[in-house]
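These are the residues of each chain, in order.
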Number of protein chains: 2
Amino acid sequence: MKYSDCSKTELLEEQKACLAAFEGLKEKYLKLDMSRGKPGREQLDMVSDILTVLNEPEDCFVDGMDARNYGGLAGLPSAKALFADILGCRPEECFVGGSASLTLMYDTISKAYTHGLLHSPQPWAKLDRVKFLCPAPGYDRHFRITESFGAELITVKMTPTGPDMDAVEELVKDPDVKGIWCVPKYSNPDGIVYSTETIRRFANLKPAAPDFIIMWDNAYCVHEFDGDFVPFPDILSLCREAGSPDMVFEYASTSKITFPGAGISVMAASEENQKYMQKLMGVQMISYDKVNQLRHVRYLKDRAGTLALMKKHAAILKPKFAIVLETLEREIAPCGIAEWQKPKGGYFVSVNTMEGIATRTLALCKEAGVVMTAAGATFPYGKDPRDSNIRIAPSLPPVEELEQAMEVFCVSMKLAALEKLLG
Amino acid sequence: MKYSDCSKTELLEEQKACLAAFEGLKEKYLKLDMSRGKPGREQLDMVSDILTVLNEPEDCFVDGMDARNYGGLAGLPSAKALFADILGCRPEECFVGGSASLTLMYDTISKAYTHGLLHSPQPWAKLDRVKFLCPAPGYDRHFRITESFGAELITVKMTPTGPDMDAVEELVKDPDVKGIWCVPKYSNPDGIVYSTETIRRFANLKPAAPDFIIMWDNAYCVHEFDGDFVPFPDILSLCREAGSPDMVFEYASTSKITFPGAGISVMAASEENQKYMQKLMGVQMISYDKVNQLRHVRYLKDRAGTLALMKKHAAILKPKFAIVLETLEREIAPCGIAEWQKPKGGYFVSVNTMEGIATRTLALCKEAGVVMTAAGATFPYGKDPRDSNIRIAPSLPPVEELEQAMEVFCVSMKLAALEKLLG
């Protein structure tokens, strides 16, 4: 029954029923974590062969170098080639990093502040004001990086085809606006794939700031869990063709391909950007772990090898997303208290509840032993103006636990809505 | 024969002989690299078992966590315990990083500039002037980090017991002096071990800057190649006892214990510093590669295990250092054109030639196919005011190549000296 059509008596009865269900769930003393897009154990066990691809000294030689020793700042040539194959860019545009692309993103912003980017008139730390565009809902860790450096975060609305490009094109006329965060494929948390038109408009942006940077976090570039791999344009080529080759930095990693805590990452950018950044990176390091880069080259081989592995991840993930979507459809849709995306890739389901009940919903979940990403996390400064967006991360719990967690989630949301409606 | 006692005729004859020898060596078309403290292949092959300590999913669980998955910002508790055992500090004072301690040092300085350290009145980027003390000869990559952020580098003289502490104590009275670089054990390049008195004076420094930082790079903490492990005081304890627990950050890594390009590193600091820094580091990363941390824990086990492995490294390194020292003794000592240290640990032999011939010596070496660390590299801004210090890194070449390289080096130095003396 749609809550908005209910009488007060009906709502009170529903509340009574929900409370009883909630108490029952609490007695199960659940302890489930759905706060982060963590792959589940089954996914990690599946890639165990990567542990044993290098066994002997002879295995460690590649590209004319000994992967074990110092050197090779930008990474193994074969690792660059692997990422170029996956992303559709050129190997020489790739800088291969360690276990976290987040660190490469942080380094980029950090260097913009301390040294400036290639086209910066001066380091951002010298400016009175830096503004950064944050399509929201989005990825909390992105927003936190720019926030931590003191940038002013400006929310841009997400649409079903990507960030609101009319707004973006207008905002970049302000020379204080220095960049934008993007997750272009299976966006975190909405699972939206930017349309060809959106991507074209990104490549053709003409920002007032000469050092405006598109932070293109292609975190889910091969992460379809439902259906075949969806080819995606190479943003580096598009920016080059549009005459702004240095405007974009793209990031990706194998965190959700091999091991989240022990993968490799990439920062792809124009050769001019690479030359400039590597001069700065060379002060900071000698190279990232090339032995682990070689493990990945040997294990994944190329894009085809990577896509074959992603099919196996999909087989594990698809049933989990199905549970989330089915439970929402069954429990929440009839009440009319929330809407949600139905993604075909990525790691999240993004739910928008009726206004003002997200925080309360998650507090109730926690009471019943289910931890979810904090309400508001998907917005700049952690503040969702409508207190409505909730990010569900179904990958970690086994299927049976996920069913219980979704039960808890749905009844919590109903209770929060009823409290609100009943005043 | 001592060149300074020679007649012009004698010098001309010596020059003729040296030139002939030099031409002979050039005809061997050598291609030897002694520019960096790179371990040799034999050392890397020796630690191959680290490649195969983790083979099954079950091997990846430790400390109640799955090393493969996200989480554990400061590293595996067992990896912290390993480093604490090696350094003599507490596990909770350790932050375990990736393949390069250099990156952790860079991050510390970078954050001092962008966010400030624990006791910084404001981020260093906001200051008109930052000065940093650089005991020289020292490590070029240290100096380059602070130089890259625009700090003014101030040279402090090295003595046989460590940096000139009278000078250091005087210089830290200037509130613009924000820190000092140190390699306290087997200093790079001199191989000097700081005396107990020097270390005590460091811990008891009373700098004017409240956020003065001792960058204590204990790179060679277990790196004796001649004789037994030399116990070394824990600087964190000493600073704590002296009432300045937050004044020091200590760094170390397994780069010269396991694989240079694929080791693990540590940043040790007071718990208050850890709390402060980890809040900042948490924006930058989720964790460093914990699977590789676990490999190291399983392979090295503890300090005893590490020291046993270092004995094997010593067996390979000692003959190489012997060749360097013997050749210098035989070829150069009689000419009286240089002096050098005789280290018992570390990776370098530091040679001080007569004034004004280091650059020319290395140019001649290069002509004969032997690349050494650039002259001046061991001084701030890469400028040795006496053009005298040369860092020899004998670890990479096999013994027979090293003998040839040293021949080239000695004859090059003689030629450079003779050119100078003959005007």
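Further up the page is the structure itself.
Criteria and thresholds
Residues numbered from 1 in each chain as written. Chains lettered and ligands numbered in written order. Predicted model: local features only at pLDDT ≥ 70, side-chain atom pairs only at ≥ 80, totals over all residues. Heavy atoms only, no water. Helix = DSSP H or I, 4+ residues; strand = E, 2+ residues; numbered from the N terminus. Rg over C-alpha atoms; globule rule 2.2 N^0.38 Å. Buried < 20%, exposed > 50% of the residue type's maximum accessible area, 1.4 Å probe, protein only. Pairing = 2+ DSSP bridges. Contact = heavy atoms within 4.5 Å. Buried area = accessible area lost by both parts, 1.4 Å probe. Salt bridge = Lys/Arg side-chain N within 4 Å of Asp/Glu carboxyl O. Phe/Tyr/Trp six-rings, centres within 6.5 Å; stacked < 30°, edge-to-face > 60°.

Caption draft 1: Molecular detail of the overall build of chain A. Across its full length, chain A holds 13 helices and 15 strands. Relative to the 2.2 N^0.38 estimate, which gives 22 Å for 423 residues, the radius of gyration of chain A is 23 Å and therefore close to what a compact globule would have. Viewed in the frame of its principal axes, chain A has a C-alpha envelope of about 75 × 55 × 30 Å. When each of the 423 residues of chain A is scored for burial, the buried share is 63%.

Caption draft 2: View of the pairing of strand S6 (residues 152-159) of chain A. Judged from the six bridges that link them, strand S5 (residues 131-136) of chain A and S6 of chain A form a sheet pairing that is parallel. Bridge pairing in S6 of chain A links Cys134 of chain A to Thr155 of chain A.

Caption draft 3: Region of the structure containing the interface of chain B and chain A. On the side of chain A, 57 residues touch chain B, which itself brings 56 residues to the contact. Together chain B and chain A conceal approximately 4,700 Å² of surface at their shared face, both sides included; 54% is due to carbon and sulfur atoms. Considering only the surface of chain B that becomes buried against chain A, Arg68, Tyr70 and Val283 of chain B emerge as the three largest contributors, covering 16% of it. The tally of links between chain B and chain A comes to four salt bridges. As a salt-bridge pair, Arg41 of chain B and Glu58 of chain A come within 3.3 Å of each other at their nearest N and O atoms.

Caption draft 4: Structural context of the pattern of salt bridges. One pass over the structure, following the stated rule, counts 50 salt bridges over all chains. Between Glu419 of chain A and Arg360 of chain A there is a salt bridge; the shortest N-O distance is 2.8 Å. Pair noted here: Glu419 of chain A is in helix H13 (residues 399-421) and Arg360 of chain A is in helix H12 (residues 358-367), with a separation of 59 residues, a long-range link. Classification of Glu419 of chain A as partly exposed rests on a relative accessible area of 32%. Salt-bridge contacts for Arg201 of chain B lead to Glu169 of chain B; the nearest nitrogen and oxygen are separated by 2.8 Å. Here the residue Arg201 of chain B occupies a position in helix H7 (residues 196-203), and Glu169 of chain B occupies one in helix H6 (residues 165-171), the gap between them amounting to 32 residues. Residues joined by salt bridges that share partners form a network here, namely Arg41 and Asp45 of chain A together with Glu58, Asp66 and Arg68 of chain B.

Caption draft 5: Local environment of H7 of chain B. Here H7 of chain B has its buried residues at Thr198, Ile199, Arg201, Phe202 and Ala203 of chain B. Buried residues along H7 of chain B sit in contact with strand S7 (162-163), H6, strand S8 (177-182), strand S9 (213-217) and helix H8 (235-241) of chain B.

Caption draft 6: Highlighting the environment of Ile154 of chain B. Residue and element names in this part refer to chain B. Looking at the secondary structure, you find Ile154 in strand S6 (residues 152-159). When its relative accessible area of 17% is taken as the criterion, Ile154 is described as buried. Taking the C-alpha atoms as reference points, Ile154 and Lys8, 146 residues apart in sequence, are found 40 Å from one another. Residues contacting Ile154, with those up to four places away along its chain left out, are Lys131, Phe132, Leu133, Cys134 and Leu171.

Caption draft 7: Layout of the sheet that holds strand S4 (residues 94-97) of chain A. Spatially, S4-S11-S10-S9-S8-S5-S6-S7 (chain A) is the arrangement adopted by the eight strands of the open sheet, whose pairing is mixed. In this open sheet, the two strands that pair with only one neighbour each are S4 and strand S7 (162-163) of chain A.

Caption draft 8: Looking closely at the packing of aromatic side chains. Within the structure shown, the criterion is met by 22 aromatic pairs over all chains. Ring centres of Phe202 of chain A and Trp216 of chain A lie 5.6 Å apart, and the angle between their planes is 80°; this geometry places the pair in the edge-to-face category. Taken together, the positions of Phe202 of chain A in helix H7 (residues 196-203) and Trp216 of chain A in strand S9 (residues 213-217) put the pair 14 residues apart, joining distant regions of the chain. For the pair Phe202 of chain A and Trp216 of chain A, one class covers both residues: buried. Each ring, one from Phe95 of chain B and one from Tyr288 of chain B, has its centre 6.3 Å from the other, and the planes form 85°; the classification is edge-to-face. With a gap of 193 residues between them, Phe95 of chain B in strand S4 (residues 94-97) and Tyr288 of chain B in the loop between helix H9 (271-284) and helix H10 (290-300) connect regions that are remote in the sequence.

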